[in-house]
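Each chain, letter by letter, is given below.
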Amino acid sequence: PEREGMFHRGPGLNLTSGQYTAPLAGYYTFSTTLHIARREPRRKRQGCRGSRLRVLICVQSCCQHNSHLESVSQLESSGDLFTISVTGTLYLQAGQHASVFVDNTAGSPLTIQSGSDFSAVLLGV
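Identification of the chain as Erythroferrone from Loxia leucoptera is taken from an unreviewed UniProt entry. Within the UniProt record for the chain, the comment given under Subcellular location (unreviewed entry) is "Secreted". As stated in UniProt under Sequence similarities (unreviewed entry), the record for the chain gives "Belongs to the adipolin/erythroferrone family."

**Student:** Residue-level account of the state of the cysteines, with values.
**Tutor:** Under the definition given, this model contains 1 disulfide. Sulfur-sulfur distance for the disulfide between Cys 58 and Cys 63 comes to 1.8 Å. The sign of the 105 degrees torsion about the S-S bond sets the Cys 58-Cys 63 disulfide as right-handed. For Cys 58, a relative accessible area of 0% translates into the label buried. A disulfide-free cysteine, Cys 62 has its sulfur positioned 7.1 Å from the sulfur of Cys 63, the nearest such atom. For Cys 62, a relative accessible area of 28% gives the class partly exposed.

**Student:** Residue-level account of the pairing of strand β5 (residues 26-38), with values.
**Tutor:** With 12 bridges connecting them, β5 and strand β8 (residues 81-92) associate as antiparallel partners. Bridge pairing in β8 links Thr 32 to Val 86. With 3 bridges joining them, β5 and strand β10 (residues 110-112) adopt antiparallel strand pairing. Within β10, the position partnered with Ile 36 by the bridge is Ile 112.

**Student:** Give me the layout of surface pockets: which residues, what numbers.
**Tutor:** Of the volumes computed, that of the second largest pocket is approximately 160 Å³. Along its surface, the second largest pocket is lined by Leu 13, Ser 17, Gly 18, Gln 19, Thr 32, Leu 34, Ser 99, Val 100, Ile 112, Ser 116, Asp 117 and Phe 118. Of the residues assigned to the lining of the second largest pocket, the class counts are 5 nonpolar, 6 polar and 1 charged.

**Student:** Kindly report on the packing of aromatic side chains, identifying the contributing residues and their values.
**Tutor:** For the coordinates displayed, the defined rule picks out 5 aromatic pairs. Each ring, one from Tyr 20 and one from Phe 30, has its centre 6.2 Å from the other, and the planes form 75 degrees; the classification is edge-to-face. Residue Tyr 20 is located in strand β4 (residues 19-21), and its partner Phe 30 is located in strand β5; the two are separated by 10 residues in the primary sequence. Phe 30 carries the same exposure label as Tyr 20, and that label is buried. One aromatic cluster in this structure is built from Tyr 20, Tyr 28, Phe 30 and Phe 118.

**Student:** Hey, could you go over the nonpolar core for me, with residue numbers and the actual values?
**Tutor:** Of all hydrophobic cores here, the largest spans 18 residues; its most connected members are Tyr 28, Phe 30, Ile 57, Leu 69, Leu 90 and Leu 92. Once residues lying within four places of it in the same chain are set aside, the contact partners of Tyr 28 are Tyr 20, Ala 22, Pro 23, Gly 88, Thr 89, Leu 90, Leu 92, Val 121, Leu 122 and Leu 123.

Definitions and cut-offs
- Residues numbered from 1 in each chain as written.
- Predicted model: local features only at pLDDT ≥ 70, side-chain atom pairs only at ≥ 80, totals over all residues.
- Heavy atoms only, no water.
- UniProt positions renumbered as here; feature names shortened; annotations may be inferred.
- Disulfide = S-S within 2.5 Å.
- Buried < 20%, exposed > 50% of the residue type's maximum accessible area, 1.4 Å probe, protein only.
- Pairing = 2+ DSSP bridges.
- Helix = DSSP H or I, 4+ residues; strand = E, 2+ residues; numbered from the N terminus.
- 1 Å grid on protein atoms, 1.4 Å probe; cavity = no way out; pocket = protein on both sides within 12 Å on 5 of 7 lines; lining within 4 Å.
- Points joined across faces, edges and corners; volume = space filled by probe spheres on them.
- Nonpolar A, V, L, I, M, F, W, Y, C, P; charged D, E, K, R; others polar.
- Phe/Tyr/Trp six-rings, centres within 6.5 Å; stacked < 30°, edge-to-face > 60°.
- Core = buried A, V, L, I, M, F, W, Y, C linked by side-chain atoms within 4.5 Å.
- Contact = heavy atoms within 4.5 Å.

Encoded structure:
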């Protein structure tokens, strides 16, 4: 629905592109929680210890200093399912977009599981 309780669900999220486009210039709080499954068999993971998984929320697909939010998690060789979250505030101009990126230094095949989420809320101008 367009309206639910005190929150307005606007057209800013494009499910095809995976981008949230700011309708107004202002400060937005972004949040994502990703449930990630590793598809590689355990017996092939002997060299995975110490590998990192970074999840970023970036403005205009540009993950540079002061223009993104980031969380880093170590991938242990014994795990098959990981949950990683990123939350923070970014300033967007009207028409700019924000997206979630996953940087997988381990190179293991990963799948984003259902129940993962991404949200943006305008805090103020």
